[in-house]
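Structural characterization, general
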Amino acid sequence: MIFKAVQIRRCLFYLVIVLNNIKQKYINSAVLLLAASVIVKIISAVYKIPLTSFIGATGRGYFNTAYNLYMPLHAVIMGAFPVALTHLISKYREKNDSQKIYKLKKGAAILFFAVGVLGTALMLIAAAPYANAVSSLKSVPAICAMAPAVFFSAAAALNRSFAEGHMNMVPTSVGQIIEAAFKMIFGLLFSKYVMTALYSAYLDTGMVLGTQCANEQQALSCIYPFTSAAAIGGAAVGALLCWVYCSAYVRVKYSSLYPPVKGSALPEIKEILSFSLPIILSTLIQSLSSFLDNASIQYCLSLCDRNMLTEAYHQCLTISNTAKSDTVTYIYGLFSSANDLKMLFPGFTMALGVAAVPALTAAYESGRRVYLSSLINSIFKYTSLIAFAGGFYLSLNAQPLLEILYGGSNYDIVIGCLSLVKLYGFTMIFFCLSGAVVFSVQAIGCASKSIPSFIVAAVIRVSLNFILVSNARFNIYGAAVSDIAAYAVILVFNMRIISKYAGVKYGFVKMMLKPLLCAGAAYVLTLCTYNGLFDFQNEFAVFVALSIIYAVILTFLIIVSKTVEFSELKILQHCK
C-alpha cells in the first residue's frame, strides 16, 4: 500500500509538472503574440496617418467597403480551418503520431489552397454587385485589388496554424509583423504614386482618367477610388511576403520531424472538415453578422435625410472639401476611422485567444476540470484587465490622440470621431472579452453551440441599424449601439456554454470586478490630478502627461488590489 501511495504521488507530481509546463508555454506564447500585436498596432497607426492624408475619409470609406467584403472570407481562412488544424496537430502530438501529423498537413494544404482560390474568385465576382448594393459603386477597384490577398492569407494560415499546433507562435507573430510592415510600405508607396500621378494629370489637363472635372472637388471624387485601391494593393503584397516567410520557417523547422508518408490524405481531409464544420458555421455566421452589420450601416446611411445628415456633419464636410454626392461614403469613412481605434485593444486580446487554443485543448482533453477553470479564469482576467485599462485609457486620451494622428492633415476626422471613440473606450470590455470567450469555446470542441448566439447577435445588429442608423439624428452612433448590444449577447451566451459543458466556475470578482474598479478609479484620479496640476496647450504634452499619470496610478492600484499577483509575474520570468 505504501509503495502504491508513493507511485500515485509520483504520478501526480509528474502530472503537475506537465500541466505547469503547458501553462508556462501558453504564457510564453501569449507574451510573444501580445508583443507582436503591439508592434503591428503601432505600424498600423503609423500607416493610417499618411494614408488618410492621401485618400481622406471618403477614400477610407472605399477602403473599408473592400475590407467588409473580404472579412467573411478572411474569417474562415484565419479563424476556422486554422483552429481545426491547430487542435488536431496538438491532439496527435500528445499521441506522438508523426505519420498522422504529416498527413494532416498534406490534407490541410489541399483544403487551404482550394479555399484561397475560391475566395479570390468570389471577391472578383461579387465586387460590382456588392458595391451597387451598398450604394458605393466607386468601391469596385478597391475590392478587386483586395482579391489576391485572400489566396495569400490562406497559404500563410496553413503554415501558421501548423506551428501553433506545436505551441510555436513565432511564425504567427513574425508573419503578422512582416505583413503589417510591407502593407504599410507598399500601400503608402502605391497610393502616393497614384495620387500624385492622377492629381498632376488633373492640373495639366483638367481630366482624371478621361473624365472631365470642373473643379478640385470633382477631381478628388474621381481620384479617391483609385488611391484606395492602390493602398489595398499594398495589403496584397504584405500577405504574399507573410506567406513566403511562414512557409520557409515551417519547412526548415519541421520537415525533418515528419518524413513523407505514402498514401492518400483523404481521411485527414475528412477529419479536418468534420472538426471544422461547426467552427466554419459559427465563424461564417459571426463574420456574416459583421458583414451584414457594415453593409446595413452603409445602406441605412443612404436612407437618412440627406439635408439633416449634411447639416450634422457640415463642419467636417466643409473642412474636407467633400462632394455632396460622396456624403454617405465620407460619413462611413469617419465610422471606419473610429473603428481603427476601437479595434486597437481587441487586437491585443485576440492574441491571448489564439495562444489559448492548444493549451485549453490539452487541459480539456486531460480531464483536469479544476486546472481548466484556473487557466480560463486567468485568461479572462488578463483579457478584462487589458480591456478595461485600455478602454478607459482610450476614452481619456481620445482628444489628444486624434489630434496627434489626424490634426495636421485631416482635422475633420478629429471632429467627426471624437465622441464615437470615447463611447467605444468605455464599452471596450464587450469587444475584447467576447473574442477570448469564443476562442475558448472552440478550443473545448463546442463551436457548434455558439451558433445561436451569433444568429441572435446578427439579428440585433441589423435590426438596430435599420431603426437607429437610418435616423439622421443617430446615424453612425446608432451603429455603435447595435455593435455593443450584439457583442454583449455573444459574451454572455458563450460564457454560459463554457460553464455548462466544461464545468468551469468563474471568479467574477478577480476576473472582471477588480480590473473594472482599478481602471475606473485610475480614470477619475488621472483627470483630477491633471486638472489640478497641469494645463498644457500642446496636444502631445497633454497626451504624455495623461498617459504617465494614468499608468502610474493604474499600476499602483493593480498591485495594491492584487489584481496581478507577484506569483504570476514570477512564472513569466521562468518562461523559456
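None of these values were measured; they are calculated from a predicted model.

**Describing the overall build of the protein chain**
Regarding its fold elements, the protein chain presents 20 helices and two strands. By the burial criterion, 54% of the 576 residues in the protein chain qualify as buried. Counting contacts in the protein chain only where the partners sit at least 6 residues apart, residues at least 24 apart contribute 84% of the total. Accessible area for the protein chain stands at about 24300 Å²; split by element, carbon and sulfur atoms hold 68% of it.

**Examining the environment of Lys91**
Position of Lys91 relative to the elements: it lies in helix α2 (residues 81-94). Judged by relative accessible area, Lys91 falls into the partly exposed class, the value being 28%.

**What about the packing of helix α10 (residues 327-342) against helix α14 (residues 411-426)?**
Where α10 contacts α14, the two axes come as close as 9 Å, and the packing angle between them is 50 degrees. Here α10 lies oblique to α14, going by the angle between them. Crossing handedness for the pair α10 and α14: right-handed. Where α10 abuts α14, its residues Tyr330, Leu334, Phe335, Ser337, Ala338, Asn339, Leu341 and Lys342 lie against Asp412, Ile413, Gly416, Cys417, Leu420, Val421 and Tyr424.

**A closer look at helix α16 (residues 451-469)**
Spanning 19 residues, α16 covers 26 Å between terminal C-alpha atoms, matching the ideal 27 Å at 1.5 Å per step. For α16, the set of buried residues is Ile451, Ser453, Phe454, Ala457, Ala458, Arg461, Asn465, Leu468 and Val469. Projected down its long axis, α16 shows its buried positions confined to an angular sector of 155 degrees, all on one face.

**A word on a nonpolar patch on the surface**
A cluster of nonpolar side chains, contributed by Ile404, Phe540, Val544, Ile548 and Val552, occupies part of the molecular surface with about 440 Å² of accessible area. Element by element, the count of residues in the nonpolar patch is highest for helix α19 (residues 539-560), at four residues. With respect to the element layout, Ile404 can be found in helix α13 (residues 398-406).

**Remarks on unusual backbone geometry**
Phi angles above zero are rare outside glycine, and Leu209 is one such case at about 50 degrees. Secondary-structure assignment places Leu209 in the loop between β1 (207-208) and β2 (211-212). Residue classification places Leu209 among the exposed positions, given a relative accessible area of 56%. Of note in the backbone geometry, Asn321 takes a positive phi value of approximately 55 degrees without being a glycine. On the secondary structure map, Asn321 appears in the loop between α9 (314-320) and α10.

**Overview of the side chain of Asn339**
By secondary structure assignment, the location of Asn339 is in helix α10. Reaching out from Asn339, the side chain makes a polar contact with the backbone oxygen of Phe335 at a distance of 2.9 Å.

**Focus: α19**
With 22 residues, α19 ought to run about 32 Å at 1.5 Å a step, and its terminal C-alpha atoms sit 31 Å apart, in line with that. With a side-chain oxygen positioned 2.9 Å from the backbone nitrogen of Phe540, the residue opening α19 is Asn538. Just downstream of α19 lies Lys562, where phi reads positive at about 60 degrees.

**Comments concerning the pattern of salt bridges**
Taken as a whole and assessed by the stated rule, the structure comprises seven salt bridges. Close ionic contact of Asp483 with Lys342 constitutes a salt bridge, the shortest N to O distance being 2.6 Å. With Asp483 in helix α17 (residues 475-502) and Lys342 in helix α10, the pair connects residues that are 141 residues apart, well separated along the chain. In this pair, the class of Asp483 matches that of Lys342, namely buried.

**Brief notes about the environment of Gly390**
Within the secondary structure, Gly390 sits in helix α12 (residues 369-396). Judged by relative accessible area, which is 5%, Gly390 ranks as buried. For the pair Gly390 and Ile429, spaced 39 residues apart in sequence, the C-alpha to C-alpha distance is 9.3 Å. In this view, Gly390 contacts Phe345 and Leu385; residues no more than four positions away in its chain are not counted.

**Description of the packing of aromatic side chains**
Summed over the entire model, instances satisfying the criterion amount to 26 aromatic pairs. Of the aromatic side chains, those joined through ring pairs into one cluster are Phe113, Phe151, Phe152 and Trp243.

**Details of the packing of α2 against helix α4 (residues 140-164)**
Look at α2 against α4: their axes get within 8 Å of each other, and the N-to-C directions meet at 35 degrees. Two packed elements cross with a definite hand, and for α2 against α4 that hand is right-handed. For the pair formed by α2 and α4, the contact residues are Pro82, Leu85, Thr86 and Ile89 on the first element and Ala157, Leu158, Ser161, Phe162 and Glu164 on the second. For the contact of α2 with α4, the per-class residue count stands at six nonpolar, two polar and one charged.

**Focus: the confidence of the model for the protein chain**
When pLDDT is averaged along the protein chain, the result is 82, and 89% of the positions lie at 70 or above. Put simply, helix α20 (residues 566-573) is where the protein chain has its lowest mean pLDDT, 46, and α19 is where it has its highest, 93. Note on residues 569-576: pLDDT under 50 across the span, and ten contacts to partners over four residues away in sequence or across chains.

**Some thoughts on the state of the cysteines**
This model, assessed by the stated rule, comprises zero disulfides. Looking at the unpaired Cys300, the closest cysteine sulfur is the one in Cys304, lying at 7.7 Å. Cys300 gets classed as buried once you look at its relative accessible area, which sits at 0%.

About the thresholds
Residues numbered from 1 in each chain as written. Predicted model: local features only at pLDDT ≥ 70, side-chain atom pairs only at ≥ 80, totals over all residues. Heavy atoms only, no water. Helix = DSSP H or I, 4+ residues; strand = E, 2+ residues; numbered from the N terminus. Buried < 20%, exposed > 50% of the residue type's maximum accessible area, 1.4 Å probe, protein only. Contact = heavy atoms within 4.5 Å. Areas by Shrake-Rupley, 256 points an atom, 1.4 Å probe, with all protein chains shown as cover. Axes fitted to C-alpha atoms, helices over the stretch in contact; angles between N-to-C directions. Parallel < 35°, antiparallel > 145°, perpendicular 65-115°, else oblique. Left-handed = near helix turned anticlockwise from the far one by under 90°. Expected span 1.5 Å × (residues − 1). Arc of directions from axis to C-beta. Patch = residues over 30% accessible without salt bridge, like charges linked within 9 Å, V, L, I, M, F, W, Y side chains within 5 Å. Salt bridge = Lys/Arg side-chain N within 4 Å of Asp/Glu carboxyl O. Polar contact = N/O pair within 3.5 Å; in protein donor to acceptor, adjacent residues only side chain to side chain. Phe/Tyr/Trp six-rings, centres within 6.5 Å; stacked < 30°, edge-to-face > 60°. Nonpolar A, V, L, I, M, F, W, Y, C, P; charged D, E, K, R; others polar. pLDDT = per-residue confidence, 0-100. Disulfide = S-S within 2.5 Å.

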